[in-house]
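Tertiary structure, described
What follows is the residue order along each chain.
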Amino acid sequence: MDIPALSMALSQNKVLNDVGVAMLSKNLDSMQESGDALAASIGAIPETSVNPDIGGNIDIRV
């Protein structure tokens, strides 16, 4: 068994794993910010329209 080669392979594997975790963390932070911005923009929509009486009834003739 080649101990130095095994050590290098394990070290590279650890580095790649650490990079993957860091990228995932960054992506999760970005998605959290996007979700917060979306929730804020939905909350900014006024609840009542300009003419609240319009659109409450539908006239149907058969």
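Just above, that's the structure.
Procedures and definitions
- Residues numbered from 1 in each chain as written.
- Predicted model: local features only at pLDDT ≥ 70, side-chain atom pairs only at ≥ 80, totals over all residues.
- Heavy atoms only, no water.
- Helix = DSSP H or I, 4+ residues; strand = E, 2+ residues; numbered from the N terminus.
- Buried < 20%, exposed > 50% of the residue type's maximum accessible area, 1.4 Å probe, protein only.
- Areas by Shrake-Rupley, 256 points an atom, 1.4 Å probe, with all protein chains shown as cover.
- Patch = residues over 30% accessible without salt bridge, like charges linked within 9 Å, V, L, I, M, F, W, Y side chains within 5 Å.
- Salt bridge = Lys/Arg side-chain N within 4 Å of Asp/Glu carboxyl O.

A few words on the overall build of the protein chain. A count of helical and extended segments in the protein chain gives one helix and zero strands. Per-residue burial for the protein chain yields a buried fraction of 0% across its 62 residues. In the structure as shown, the protein chain presents an accessible area of about 6200 Å², 61% of it carried by carbon and sulfur atoms.

This next bit is on a nonpolar patch on the surface. Residues Ile3, Leu6 and Leu10 make up a contiguous nonpolar surface patch of roughly 290 Å² in combined accessible area. Mapped onto the fold, leucine 10 is located in helix 1 (residues 3-43). A relative accessible area of 53% places leucine 10 in the exposed class.

A separate point is the pattern of salt bridges. Inspection of the entire model under this criterion finds one salt bridge. We note a salt bridge from aspartate 18 to lysine 14, for which the minimum N-O separation is 2.9 Å. One end of the pair is aspartate 18 and the other is lysine 14, both in helix 1 and four residues apart, which spans about a single turn. Given a relative accessible area of 38%, aspartate 18 falls into the partly exposed group.

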